[in-house]
Amino acid sequence: MRDEGFDARPWVLLAPALLALLLLMVIPMAIIFVFSFYEYVDVAVDRPAFQFENWLWFFQDGFYHYAIWQTLRISAITMLVCALLGYVPAYFIANTTYRHKWLLMLLLILPFWVSFIIRQLSWVHVLGSQGIVNAALLWLGVIDAPVRLLYNEATVVMGLVHFLLPFMVLNIYVSLESIDRNLVSAARTLGCTGWQAFCQVTLPLSLPGLAAGSLLCFVLAGGSYVTPLILGGPDDFLFGNLIYDTIMLELNWPMGATLSVVLLALLGSLVAIYGRFMGLSRLYKSLN
Amino acid sequence: MRTWSLIRLFTLLVYLFMFTPIAIVVILSFNDAQFGGFPIEGFSLRWFYALAENDAIVRAFRTSLLLGLLAAIIATTLGILASLALMRYSVPATNFFNTLLISPVLIPETVLAVGLLLFMRWLDQPRSIVLLLAGHVLIALPFVVLVVQARLVGIRKVYEDAARSLGANPIQAFFQVTFPLLMPAVFAGLLFAFTISFDNITATLFWRPAGVETVPTQIFGMLRHSISPEINALGTVMIVITVGLPLLAGAIARAFARRRT
């Protein structure tokens, strides 16, 4: 115990978690990579091999490229809508003099605790054929039969926004909260209008939060596949849906592995770029 | 000032956007109608009774509870041990280990799911409930580590050292001093991990063995047909559990803190 050279205790404490990560994450990621070179023989049958058929397929088939484009587009729109919708509430919570500010914070965190699947399907009750909007329009006599409002790209984006908005608001809020209030006062005494002070002082200082929130929204949207299944039509799929279909329905594991590597590279590179410039520690804080 | 009222109005609208759909689910779960949507035909608890008699749902509930409890206990144990190692001892490459512990959140869940599934295939193992449990531990671990580390910052080693210099042996010092101080972190970790496991669907759809359903996958399966009133009732029960549990825990913690001061 008194040995100054090597202390085994922290390693003993770390070992279980590291072992779990090794078995459940590190090795599986390597296996995905290996599987992407395997040969697909038939449904649910593959042969260990080192060949590039899956990759050639991926690079030649325009359908996959379209799926990437669609995924990036939907993720980007989701991210932008989250940023636009999320900034104002974050600003309000950070600056309000309301006595029960904790309540606003609690309401912000509350959606995280409401089941994801319930939050997604709740939109069927709003926009579905038996939803509140159709019911109201029917009752008012504006329409004679329910209108089809669901199952398109807009509702997929809306579902994603509903799921991701709290991440954005929390990130921006944390950033805004850490701004020294005196800076804004100083800008005002030096002759800035309120709007100028916001654009020159508050907004630039809150950019780190905006960036962290945007990254989270983009990456989480880009990796999802359940939302399009519930709120999207047949054409509103994301890259994750291709992976799910390839693995679980077509049982083509080598191709599914290839597509997984692609998704990982796509979203992982965004995280890496972000980490390079902003550092990942801010991201950890925001996930709390 | 006009700008400020606009900001307030906009904030209110965003909150409405967040909560109206959820509120509708809860309201509709008490609807007496035959179908899961509007119009509302009267107040009734019949769909909650129907839930209790639906074997598939009860089974899914049991699976989810068991899975959530086990995943929470394992993930919290792993997370607390690792956090103690990184925060109380000088470990080389602390940053690297921190990033590693948190990295499962940085990988898309779909990819994590495929990876573990292919690993099982590579080992020629069928999908099993153990795989599902291990996967849930993996997904919950980063969140446990984050929550626990935030709480551990406050527990400095000096307390333990003080106990030691007052004559406690290391085990006594741990159980009498460190562990009670750790309790809030333990509870926060357990609660967070449970909620994450209980709520997970993205990876669970990949990992669950044939015939095994958790509550979210059960709801997802039922959605394929139409939204039955039972789904609304189930949603309400889930909301009561995942929202009520942390709120209750928070209230109890606050009550205890008040009594102590």
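Residues numbered from 1 in each chain as written. Chains lettered and ligands numbered in written order. Predicted model: local features only at pLDDT ≥ 70, side-chain atom pairs only at ≥ 80, totals over all residues. Heavy atoms only, no water.

Each helix and strand counted, chain A has 13 helices and two strands in total. For chain A, whose C-alpha radius of gyration is 24 Å, the value lies well above the compact-globule estimate of 19 Å for 288 residues. In terms of principal-axis extent, the alpha carbons of chain A reach across some 80 × 70 × 35 Å. Relative to its full complement of 288 residues, chain A shows a buried share of 50%. As displayed, chain A has an accessible area near 13500 Å², and 69% of this comes from carbon and sulfur atoms. Side chains of chain A give 13 positive and 16 negative charges; the mean places of these two sets differ by 19 Å. (Helix = DSSP H or I, 4+ residues; strand = E, 2+ residues; numbered from the N terminus. Rg over C-alpha atoms; globule rule 2.2 N^0.38 Å. Buried < 20%, exposed > 50% of the residue type's maximum accessible area, 1.4 Å probe, protein only. Areas by Shrake-Rupley, 256 points an atom, 1.4 Å probe, with all protein chains shown as cover. Lys, Arg positive; Asp, Glu negative; His and termini not counted. Charge placed at Lys NZ, Arg CZ, Asp CG, Glu CD.)

With that out of the way, let us pick up the pattern of salt bridges. The full count for this structure, using the stated rule, is six salt bridges over all chains. Between Glu153 of chain A and Arg73 of chain A there is a salt bridge; the shortest N-O distance is 2.8 Å. Taken together, the residues Glu153 of chain A in helix α7 (residues 153-177) and Arg73 of chain A in helix α3 (residues 62-95) connect sequence positions 80 residues apart. Relative accessible area serves as the criterion here: at 23%, Glu153 of chain A is assigned to the partly exposed category. Close ionic contact of Arg208 of chain B with Glu213 of chain B constitutes a salt bridge, the shortest N to O distance being 3.1 Å. By sharing partners, the salt bridges in this structure join Lys101, Glu177 and Arg181 of chain A into a single network. (Salt bridge = Lys/Arg side-chain N within 4 Å of Asp/Glu carboxyl O.)

Let's shift gears to the environment of Ala249 of chain B. Along the polypeptide, Ala249 of chain B turns up in helix α11 (residues 229-260). Sequence-wise, Ala249 of chain B and Ala173 of chain B are 76 residues apart; in three dimensions their C-alpha atoms are separated by 27 Å.

Turning next to the interface of chain A and chain B. Contacts between chain A and chain B engage 82 residues on the former and 78 residues on the latter. Summed over both sides, the interface between chain A and chain B buries roughly 7500 Å², with carbon and sulfur atoms accounting for 83% of that surface. Between chain A and chain B we count one salt bridge in total. Put simply, Arg121 of chain B and Asp46 of chain A hold a salt bridge, and the shortest N to O gap is 3.4 Å. The interface formed by chain A and chain B holds ten residue pairs in polar contact (both at pLDDT 80 or more) in total. (Contact = heavy atoms within 4.5 Å. Buried area = accessible area lost by both parts, 1.4 Å probe. Polar contact = N/O pair within 3.5 Å; in protein donor to acceptor, adjacent residues only side chain to side chain.)

So, about the pairing of strand β1 (residues 39-42) of chain A. Residue and element names in this part refer to chain A. Pairing of β1 with strand β2 (residues 45-47) involves three bridges; the strand directions are antiparallel. For Asp42, the partnering residue across the bridge sits in β2 and is Val45. Between the antiparallel neighbours β1 and β2 lie two residues, among them Ala44 with a positive phi of about 65°. (Pairing = 2+ DSSP bridges.)

Glancing now at the packing of aromatic side chains. Taken as a whole and assessed by the stated rule, the structure comprises 33 aromatic pairs over all chains. Ring centres of Phe33 of chain A and Phe37 of chain A lie 5.6 Å apart, and the angle between their planes is 85°; on these two criteria the pair is classed as edge-to-face. A residue is classified by how much of its surface remains accessible, and Phe37 of chain A, at 11% relative accessible area, is buried. Look at Tyr244 of chain A and Phe206 of chain B: their rings are 5.2 Å apart centre to centre, the planes differ by 85°, and that puts the pair in the edge-to-face class. Residue Tyr244 of chain A is located in helix α11 (residues 239-249), and its partner Phe206 of chain B is located in helix α9 (residues 204-207); the two belong to separate chains. Per residue, the accessibility class of Tyr244 of chain A equals that of Phe206 of chain B, and both read buried. Following the ring pairs from residue to residue traces out a cluster consisting of Trp55, Phe58, Phe59, Phe63, Tyr64, Tyr66 and Phe237 of chain A. (Phe/Tyr/Trp six-rings, centres within 6.5 Å; stacked < 30°, edge-to-face > 60°.)

By themselves, these figures tell us nothing about what the structure is for.
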